[in-house]
Amino acid sequence: MSNRKRTGIITAVLGIVAFMALFNAGSPTAIIDWPVETYMSLVFTIGWLSSVPNWLAYVLAAVVLILIIVGFYKIGSWVYGLIVRR
């Protein structure tokens, strides 16, 4: 595994943890329950702001989380490439 991939993975993990902390700020939820709580909060937000069916809100929330992870991975590997000039 190259350093570029490692940097992308670390950035993706830190980014999703920051996103979970954003959604759970001020909540008395235990840290171990943050991933599920973040997913359910995102489902609620999508369902509340639009008139999509429940099943579609769950699917869209999963897609949004996957896109966030992939986006942070790409940003991390891109920044590493800029730093080492490759």
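See the structure above.
Below is a summary of the structure that appears in this document.

Each value, and the rule that gives it
Residues numbered from 1 in each chain as written. Predicted model: local features only at pLDDT ≥ 70, side-chain atom pairs only at ≥ 80, totals over all residues. Heavy atoms only, no water. Helix = DSSP H or I, 4+ residues; strand = E, 2+ residues; numbered from the N terminus. Contact = heavy atoms within 4.5 Å. Core = buried A, V, L, I, M, F, W, Y, C linked by side-chain atoms within 4.5 Å. Buried < 20%, exposed > 50% of the residue type's maximum accessible area, 1.4 Å probe, protein only.

1. Quick look at the environment of Thr7
- Topologically, Thr7 is positioned in helix H1 (residues 3-23).
- In sequence terms Thr7 and Leu49 are 42 residues apart; their C-alpha atoms lie 35 Å from each other.
- Ignoring sequence-local partners within four residues, the contact set of Thr7 consists of Gly76 and Tyr80.

2. Focus: the nonpolar core
- Counting residues in each nonpolar core, the largest one holds nine residues, listed as Ile16, Phe19, Leu42, Val43, Ile46, Ala57, Ala61, Leu65 and Ile68.
- Contributing elements (two or more residues each) for this core: H1, helix H2 (34-49) and helix H3 (54-84).
- The leading source of residues in this core is H3, at four residues.
- Discounting chain neighbours no more than four positions away, the residues touching Ala57 are Val43, Ile46, Gly47 and Val52.

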